[in-house]
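What follows is the residue order along each chain.
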Amino acid sequence: MKNRKRALVLAGTAAALAATLIAAAPAPAAPASSAPASVASAASKVAAVHGGGTIRYPYAPASHDIRFTVDAEAAPWSRPFPAKGGEQGMPVDARGKVTIYHAMPDENFTAVGEAEVDCLVTGGRTATVTAVVTSSNVGWEGRRIGISVQDGERGGPDRLGFSWGIANVDVQPDGSVSEPRVGTCMAPAPFTEVTKGGFKVTPAPLPPRPSTPRPSTP
């Protein structure tokens, strides 16, 4: 089981094996505004990542089949937390699902998992998503994972990164090694290629802070 936990590399489900590039839902029409059309259009977008694919991972045997899907959409200011300033949540709050599939024929085992998205941030053709595992067959429940996605351009492949395997290692002064908890929207650069399928990143600027009602005067 220990080796199987280490081998869990990517997100997908058996149903996602045939997943291909999935376009994000179109943004709603922008309301009439005195702002330039390009600015109004950008403001109306909702950040999102949709798709599924297989990756090339150099540290797993070639016989392994490693896939994942991401279905994430921004839901700004929707996850309040009990701290000063957290009453309205964060601008990068999000919802959706990340799924895991890693077939290991040499071990006659397939690792699978599903995680609930809690954070999404975009920049151009790149997005970072985090999600908390809700079910798995390798004991990852409650663990937050980070996924980065780069939507390929000019004929180049899409790319993907993930927060375990080669990243997020903390070496202590005594030489011991631990794996810190992944923070919201934290993931490494998309360091490996997607070989089948693909992803659609819909970028959007960070939303404005919601207005807070002024306290009533006596």
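Residues numbered from 1 in each chain as written. Predicted model: local features only at pLDDT ≥ 70, side-chain atom pairs only at ≥ 80, totals over all residues. Heavy atoms only, no water.

**Q** Any chance you could break down the state of the cysteines for me, citing the residues and the numbers?
**A** Under the definition given, this model contains one disulfide. In this model, Cys119 is linked to Cys185 through a disulfide, with the two sulfur atoms separated by 2.0 Å. As the torsion about the S-S bond is roughly -100°, the Cys119-Cys185 disulfide counts as left-handed. Pair noted here: Cys119 is in strand 4 (residues 109–123) and Cys185 is in the loop between strand 9 (177–178) and strand 10 (192–202), with a separation of 66 residues, a long-range link. Across the pair, exposure class does not vary: Cys119 and Cys185 are buried alike. (Disulfide = S-S within 2.5 Å. Helix = DSSP H or I, 4+ residues; strand = E, 2+ residues; numbered from the N terminus. Buried < 20%, exposed > 50% of the residue type's maximum accessible area, 1.4 Å probe, protein only.)

**Q** Account for the sheet that holds strand 2 (residues 65–74), naming residues and giving values.
**A** Spatially, the eight strands close up into a barrel ordered 1-2-3-4-5-6-7-10, and their pairing is antiparallel. Each adjacent strand pair in this sheet contributes to an overall mean axis angle of 30°, direction not counted. Bridge count between strand 1 (residues 48–55) and strand 10: eight bridges; the pairing is antiparallel. Paired with Gly52 across the strands is Gly198, a residue of strand 10. (Pairing = 2+ DSSP bridges. Axes fitted to C-alpha atoms, helices over the stretch in contact; angles between N-to-C directions.)

**Q** Kindly report on the nonpolar core, identifying the contributing residues and their values.
**A** In this structure, Val70, Val98 and Ile147 are the most contacted members of the largest nonpolar core, which totals 35 residues. Of all the secondary-structure elements, those providing two or more residues to this core are strand 1, strand 2, strand 3 (94–104), strand 4, strand 5 (126–136), strand 6 (144–150), strand 7 (159–162) and strand 10. (Core = buried A, V, L, I, M, F, W, Y, C linked by side-chain atoms within 4.5 Å.)

**Q** Now, about the pairing of strand 3: what can you tell me, with residues and values included?
**A** Taken across its eleven residues, strand 3 has eight buried, putting it largely inside the fold. The pairing of strand 3 with strand 4 spans eight bridges and is classified as antiparallel. For Tyr101, the partnering residue across the bridge sits in strand 4 and is Val112. What sits between the antiparallel neighbours strand 3 and strand 4 is a turn of four residues, in which Asn108 has the positive phi angle 55°.

**Q** Tell me about the packing of aromatic side chains, residues and numbers included.
**A** According to the stated counting rule, one finds six aromatic pairs in the structure shown. Between the aromatic rings of Tyr57 and Tyr59, the centroid separation amounts to 5.5 Å while the plane-to-plane angle is 85°, which identifies the pairing as edge-to-face. For Tyr57, a relative accessible area of 12% puts it in the buried group. With a relative accessible area of 62%, Tyr59 lands in the exposed category. Pairing Phe68 with Phe199 gives two aromatic rings, centres 4.8 Å apart and planes at 20°, and the pair type is stacked. Taken together, the positions of Phe68 in strand 2 and Phe199 in strand 10 put the pair 131 residues apart, joining distant regions of the chain. Overall, Phe68 belongs to the buried group, its relative accessible area being 1%. An aromatic cluster is present here, built from Tyr57, Tyr59, Trp140, Phe162, Trp164 and Phe191 joined pairwise through their rings. Sitting above the plane of the Trp140 ring, Arg143 keeps its charged end 3.8 Å from the centroid. (Phe/Tyr/Trp six-rings, centres within 6.5 Å; stacked < 30°, edge-to-face > 60°. Lys NZ or Arg CZ within 6 Å of the ring centre and 35° of its normal.)

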